[in-house]
Amino acid sequence: MQIFLIGFMGAGKSSLGKKIASRLSVNFIDADRAIEKEQNRSVQQIFSEEGEEKFRAIETDWLKNLKEGNDVIALGGGTPCFNNNLSLIQQKGISIYIKTPVPVIVSRLKQAKEVRPIIEHVKKDHEALTALVADMLAQRESFYNQANIIFDGADVTSQSLDELERQIGSYLL
Ligand code: S3P
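Trainee: Give a detailed account of helix 7 (residues 158-172), specifying residues and quantitative values.
Mentor: With 15 residues, helix 7 extends 21 Å from end C-alpha to end C-alpha; this agrees with the ideal 21 Å at 1.5 Å per step. Among the residues of helix 7, those classed as buried are Ser160, Leu161, Leu164 and Ile168. For helix 7, the angular spread of buried residues about the axis comes to 95°, placing them on one side. In helix 7, the exposed positions angled more than 90 degrees off the buried face are occupied by Gln159 and Arg166. Of the surrounding secondary structure, the elements contacted by the buried residues of helix 7 are strand 1 (2-6), helix 1 (13-24), strand 4 (93-99) and strand 5 (149-152).

Trainee: Which residues make up the nonpolar core, and what are the values?
Mentor: Core analysis: the biggest nonpolar cluster contains 34 residues, and Phe8, Trp62, Leu75 and Val133 have the highest contact counts within it. Residue assignment for this core shows that the elements contributing at least two residues are strand 1, helix 2 (31-39), helix 3 (43-65), helix 4 (85-92), helix 5 (102-111) and helix 6 (126-144). At seven residues, the largest contribution of residues to this core is made by helix 3. The contact partners of valine 133, leaving out residues within four places of it in the chain, are Phe8, Val102, Ile105, Val106 and Leu109.

Trainee: Can you explain the site of the ligand? Please cite residues and give values.
Mentor: Surveying the vicinity of the ligand reveals 13 residues, the closest of which are Lys13, Asp32, Arg56, Arg116 and Arg140. At 2.8 Å from an oxygen atom of the ligand is found a side-chain nitrogen or oxygen belonging to lysine 13. In the environment of the ligand, an oxygen atom lies 2.7 Å from a nitrogen or oxygen atom belonging to the side chain of aspartate 32. Protein contacts shield 96% of the accessible area of the ligand, which totals 390 Å² for the unbound molecule. Its atoms largely coinciding with the cavity grid, the ligand occupies the largest pocket. By residue number, the principal contributor to the shell around the ligand is helix 3, which donates three residues. Taken together, the residues of the shell around the ligand sort by class into five nonpolar, three polar and five charged.

Trainee: So what's going on with the pattern of salt bridges? Residues and values would help.
Mentor: Following the criterion strictly, the structure yields eleven salt bridges and no others. Note that aspartate 162 is salt-bridged to arginine 23, the shortest N-O span being 2.9 Å. In this pair, aspartate 162 sits in helix 7 while arginine 23 sits in helix 1, placing the two residues 139 residues apart along the sequence. With a shortest N-O distance of 2.7 Å, arginine 23 and glutamate 165 are connected by a salt bridge. With a gap of 142 residues between them, arginine 23 in helix 1 and glutamate 165 in helix 7 connect regions that are remote in the sequence.

Trainee: Hey, could you go over helix 5 for me, with residue numbers and the actual values?
Mentor: Along helix 5, the residues that are buried comprise Val102, Ile105, Val106 and Leu109. Projected down its long axis, helix 5 carries its buried residues within an arc of 100°, all on one side. Among the exposed residues of helix 5, those oriented more than 90 degrees off its buried face are Pro103 and Gln111. Those residues of helix 5 that are buried lie in contact with helix 6.

What counts, and where the lines are drawn
- Residues numbered from 1 in each chain as written.
- Predicted model: local features only at pLDDT ≥ 70, side-chain atom pairs only at ≥ 80, totals over all residues.
- Heavy atoms only, no water.
- Helix = DSSP H or I, 4+ residues; strand = E, 2+ residues; numbered from the N terminus.
- Expected span 1.5 Å × (residues − 1).
- Buried < 20%, exposed > 50% of the residue type's maximum accessible area, 1.4 Å probe, protein only.
- Arc of directions from axis to C-beta.
- Contact = heavy atoms within 4.5 Å.
- Core = buried A, V, L, I, M, F, W, Y, C linked by side-chain atoms within 4.5 Å.
- Near = heavy atom within 4 Å.
- Polar contact = N/O pair within 3.5 Å; in protein donor to acceptor, adjacent residues only side chain to side chain.
- Areas by Shrake-Rupley, 256 points an atom, 1.4 Å probe, with all protein chains shown as cover.
- 1 Å grid on protein atoms, 1.4 Å probe; cavity = no way out; pocket = protein on both sides within 12 Å on 5 of 7 lines; lining within 4 Å.
- Sits in = over half its atoms within 2 Å of the grid points.
- Nonpolar A, V, L, I, M, F, W, Y, C, P; charged D, E, K, R; others polar.
- Salt bridge = Lys/Arg side-chain N within 4 Å of Asp/Glu carboxyl O.

Okay, structure coming up:
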């Protein structure tokens, strides 16, 4: 069974993904890192050399070619919102939307070392970053909200993880 974590950049998909995978004793896959390995270049390089549209095509191909297995997969923030990828995600496994409020996302993105091409131009301008995140999140939430499970990414506790594990379990029966 494949468990896909979806949600905005900085929502906490990768750190939560590692925690969930370890609780379930399955592999953790970070989609962006896997794409970078396959492409032998960074997401940032793909964007600057070939543009976003090409990155979206690479992302969709990666998802299509993903081998069946028992994995927790943190997808890129845009993955469920392009090329009908959401149907592919739903066919392949269960999805969890890591729902995190805009101010939490903004503060995480400001602190992150990773270069994210979509927000790089406003990263140092708090107001502009907040406006961009709020605007993009509003556009993307209709996709994210179609996940099987919605999980609060701002307040992660061992109790909330227990509850999430229980919810995941109900899909695996
Ligand atoms: C993107 C999110 C990034 C990465 C790329 C585009 C997006 O992944 O796939 O920079 O469009 O939201 P993270 O959500 O892991 O930062």
